[in-house]
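Working through the structure, step by step
Residue strings, one per chain:
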Amino acid sequence: MQSLRIGNEELQYEMELLSSGFPGKQTRSFTEDLEKSFAVKFGSRYAIAMCNGTATLHAALAAVGVGPGDEVIVPPLTMASTSLAVLHAGARPVWADVDPETFVLSAATVTPHIGAASKAIMPVSLYGLPAPVKELANFSLPIIEDNAQCFLGRIDGEIAGTIGAIGSFSFQNSKHMTCGEGGITVTDDPNLALKMRRFSSLGYDQLSAEPGKMKIEKKSIAHPDTIRHVDFGFNYRLSELCAAVALAQLEKLDSMVAMRQKCAQAFLQVIEECPFLTAQKTPLGVEHSYWAVAAQLDTDFVSWDDFYNTFCCNGGDGFYGAWRLTYQEPFFAKHFPGTHCPVAERLQKRMVQFKTHYQSDSEIDREIKALEATIRHFDKRRTGIIGTRETSDL
Ligand SMILES: Cc1ncc(COP(=O)(O)O)c(C=O)c1O
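Parameters and conventions
Residues numbered from 1 in each chain as written. Predicted model: local features only at pLDDT ≥ 70, side-chain atom pairs only at ≥ 80, totals over all residues. Heavy atoms only, no water. Domains from an automatic or database assignment. Contact = heavy atoms within 4.5 Å. Buried area = accessible area lost by both parts, 1.4 Å probe. Salt bridge = Lys/Arg side-chain N within 4 Å of Asp/Glu carboxyl O. Polar contact = N/O pair within 3.5 Å; in protein donor to acceptor, adjacent residues only side chain to side chain. Nonpolar A, V, L, I, M, F, W, Y, C, P; charged D, E, K, R; others polar. 1 Å grid on protein atoms, 1.4 Å probe; cavity = no way out; pocket = protein on both sides within 12 Å on 5 of 7 lines; lining within 4 Å. Points joined across faces, edges and corners; volume = space filled by probe spheres on them. Helix = DSSP H or I, 4+ residues; strand = E, 2+ residues; numbered from the N terminus. Axes fitted to C-alpha atoms, helices over the stretch in contact; angles between N-to-C directions. Parallel < 35°, antiparallel > 145°, perpendicular 65-115°, else oblique. Left-handed = near helix turned anticlockwise from the far one by under 90°. Pairing = 2+ DSSP bridges.

This part takes up the domain arrangement of the chain. Here the chain is partitioned into domain 1 (8–252) and domain 2 (254–393). Using only C-alpha atoms to locate each centre, domain 1 and domain 2 end up separated by 30 Å. At the junction of the two partners, domain 1 supplies 40 residues and domain 2 supplies 39 residues. With both chains or domains summed, domain 1 and domain 2 bury close to 3,400 Å², and 65% of this area falls on carbon and sulfur atoms. Among the residues domain 1 hides against domain 2, the three largest losses belong to Trp95, Tyr127 and His176. Together they make up 24% of the total. Scanning the region where domain 1 abuts domain 2 turns up two salt bridges. Inspection of the domain 1/domain 2 interface yields 21 residue pairs in polar contact (both at pLDDT 80 or more). When its residues are assigned to classes, the side of domain 1 that touches domain 2 shows 22 nonpolar, nine polar and nine charged.

In structure tokens form, the structure reads like this:
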């Protein structure tokens, strides 16, 4: 039995795991294999798997020393985990506006928020577009790349997520690769790797930055004087069941990313011809991994609801709008009133976010035809009404 995303490879690894029993000392560890393979694939020294992509952000923040009294600069136009992780670390999220063309943080939008309490910057590679980490590096603050939505995006050939101090990825169900729930961090720094490893695994002394089981002799683990916890930590470990699926997904990540990019190109060809949709801009030298194709409805003539309903009536599968800005969500608005990011506020209301997870040419074709018909519908109405208005103005 196969679903569109999960094939024989995942089933085989699960069978291997379940039929051998959960890993003891002698059996294969899928978490270890996933970490090793992910590090090699992404060109990082260390990879540390965890139970989700919010835990990875929390561990990354703790590793760079973020704590109470500190501020972390984040975008408001993203899923709320970016800001929640800052709160988990006991620090304060400071929301910087986003660039109107790329929809992500830029040096210009971050600059006004740099202050004595700034401890880190956490840009988000939104919709799969790598955030401009190299320009943000000029602030001399640690950069944690929230790449939950960006797998194998590149900046000048370098894989996004491996440029800042730490990169964080999510394996949640909607992402390029998935195991239902899961996540992983990458870094080249052995100290940060060890800190994240201990933070995500109850602060155990016997852990190391490298993947693998705890290095402890049978006699020591049995001995009543054995010291175990040298650091504070959470239990954020990834289960072996999830790691087995994630490893199989990693092994076909290239083709899964390529499929999304192909799907995105089909959408972009249509969007480029549309007078009232403007796609997220991909800067020169950047490769977008297209978790989604985002565009803004650049007109007051077509409402988001009308566009959505017409797209669905034309046979489209639907699309998403942007999340409410994080500081507009009731919990954040109550505790952090008074934030205002005008560009993000304008974009949020107008964002149209097409899905790219389609697995066949016929599914992509159906979406493209729906989009073309929707654009034709509004274009006819738009030109008709502009004509009437012009006549009545005369
Ligand atoms: C930008 C961003 N950051 C963080 C997360 C959190 O990841 P997870 O759901 O694995 O906790 C997500 C997605 O779900 C996300 O889209």
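Picking up where we left off.
Inspection of every chain in the model, using the stated rule, returns one cavity of 30 Å³ or more. Empty space within the largest cavity amounts to approximately 40 Å³. Lining the largest cavity are Leu268, Ala279, Gln280, His288, Tyr290, Ala292, Val293 and Ala294. At three residues, the largest contribution of residues to the lining of the largest cavity is made by strand S12 (residues 292–297). Looking at the lining of the largest cavity, its residues break down into six nonpolar, two polar and no charged.

Running from N to C, helix H2 (residues 30–42) and helix H9 (residues 240–250) point in directions that differ by 30 degrees, and their axes come no closer than 8 Å. Our classification of the angle between H2 and H9 gives roughly parallel. For the pair H2 and H9, the sense of crossing is left-handed. Residues Phe30, Thr31, Asp33, Leu34, Ser37, Phe38, Lys41 and Phe42 of H2 form the contact with H9, whose participating residues are Glu240, Ala243, Ala244, Ala246, Leu247 and Leu250.

A few words now on the sheet that holds strand S13 (residues 351–355). Two modes of strand pairing occur in sheets, parallel and antiparallel, and in both the strands are linked by backbone hydrogen bonds. Pairing is antiparallel across the open sheet formed by three strands, whose spatial order is S10-S12-S13. Each end of this open sheet is capped by a strand with a single partner; those strands are strand S10 (277–279) and S13. Averaged over neighbouring strand pairs, the angle between their axes works out to 35 degrees when direction is ignored. When S10 meets S12, the two strands line up antiparallel, connected through three bridges. Across the sheet, residue Thr278 finds its bridge partner in S12, namely Gln296. Along the sheet face, helix H10 (residues 253–273) touches S10, S12 and S13 and points at about 15 degrees away from the line of S12. Strand contacts of helix H11 (residues 304–313): S10, S12 and S13, with the helix running at about 25 degrees to S13, the strand carrying the most contacts.

Overall, mixed pairing links the four strands, which are arranged S1-S9-S8-S5 in an open sheet. Only two strands of the sheet have a single neighbouring strand rather than two, namely strand S1 (46–50) and strand S5 (144–146). Strand-to-strand twist in this sheet, taken as the mean axis angle between neighbours without regard to direction, amounts to 20 degrees. In this structure, strand S8 (residues 166–170) lies alongside strand S9 (residues 183–187), joined through four bridges in antiparallel fashion. By the bridge assignment for S9, Ser168 is matched with Thr185. The strands touched by helix H3 (residues 55–63) within the sheet are S1, S5, S8 and S9, with S8 carrying the most contacts at an inclination of about 165 degrees. Sheet contacts for helix H7 (residues 190–199): S1, S8 and S9; angle to S1, the most-contacted strand, approximately 15 degrees.

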